[in-house]
Amino acid sequence: MKLYSESEFPCDPATVWEVFSSDAFLARLRDVTQITQTVLDRREENGVLVERVRNVSSKELPSMMSRALGAKTLTYDQINRFDAARDRLEWSVELPVMSDKVDIRGVTTAQVRGSSTVRIVDGVCTVRVPLVGGRIEKVIVSEFTKSYAKASDIAREMIRGRQA
């Protein structure tokens, strides 16, 4: 299933990347989404920043997902490869269980459009679990869409605060 979202910000791409990676943004996002992020590893490879970020949700999963994953809450690692020179972030998600049945990955870019920057998240979510895989994908995509909208709202507010 396709993961896709676009959000427009009244600034340059560097500011968008800076805001989305700031500690202040991550703290506000954690309060809204109830997902705690911890950087487990950070290194540079040929000018690309590579991070492994552990995400732990305090919200209970829907029963269908809970049964499939064998856990009441969601924990996953996100591997990010950020190339600032190309305004491009390649990311993938690794689950501690069922990693052979779940594939979530994509690319986030920041593109100048007029006097704004459009942040585009373009990815895929595939869950290969008989009978319920498609329903799990729908839940994941729905949650992604909601959390991305909240994240974009927080980032816009922070950017406006910088411009005031």
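Nothing here was measured: the structure is a model prediction, and the numbers come from that model. (Residues numbered from 1 in each chain as written. Predicted model: local features only at pLDDT ≥ 70, side-chain atom pairs only at ≥ 80, totals over all residues. Heavy atoms only, no water.)

A.B. asks: In this structure, what is going on with the sheet that holds strand S4 (residues 73–83)? I would like to understand it.
C.D. replies: Within a sheet, each strand pairs with its neighbour through backbone hydrogen bonds, oriented either parallel or antiparallel. One open sheet holds the seven strands; their spatial order is S1-S7-S6-S5-S4-S3-S2, and the pairing between them is antiparallel. The open sheet terminates on both sides in strands that have one partner only, identified here as strand S1 (2–9) and strand S2 (35–45). This sheet shows a mean twist of 15 degrees between the axes of neighbouring strands, independent of strand direction. The sheet contact formed by S4 and strand S5 (residues 88–94) spans seven bridges and is antiparallel. Note on S5: the bridge partner recorded for Asp83 is Arg88. (Pairing = 2+ DSSP bridges. Helix = DSSP H or I, 4+ residues; strand = E, 2+ residues; numbered from the N terminus. Axes fitted to C-alpha atoms, helices over the stretch in contact; angles between N-to-C directions.)

A.B. asks: I keep staring at the packing of aromatic side chains and nothing clicks. Help me out?
C.D. replies: Describing an aromatic ring pair means giving the distance of the ring centres and the angle of the ring planes. Across all of its chains, the model carries four aromatic pairs by this definition. Summarising the aromatic geometry, the rings of Phe9 and Phe20 are spaced 5.6 Å apart at their centres and angled 85 degrees between planes, so their arrangement reads as edge-to-face. Pair noted here: Phe9 is in strand S1 and Phe20 is in helix H1 (residues 13–21), with a separation of 11 residues, a long-range link. Judged by its relative accessible area of 1%, Phe9 falls in the buried class. Note on Phe20: relative accessible area 10%, which makes it buried. Plain terms: the ring middles of Phe144 and Tyr148 are 6.0 Å apart, the flat faces sit at 20 degrees to each other, and that makes the pair stacked. Remark: Tyr148 and Phe144 occur in helix H4 (residues 133–163); sequence separation between them is four residues, near one turn of the helix. (Phe/Tyr/Trp six-rings, centres within 6.5 Å; stacked < 30°, edge-to-face > 60°. Buried < 20%, exposed > 50% of the residue type's maximum accessible area, 1.4 Å probe, protein only.)

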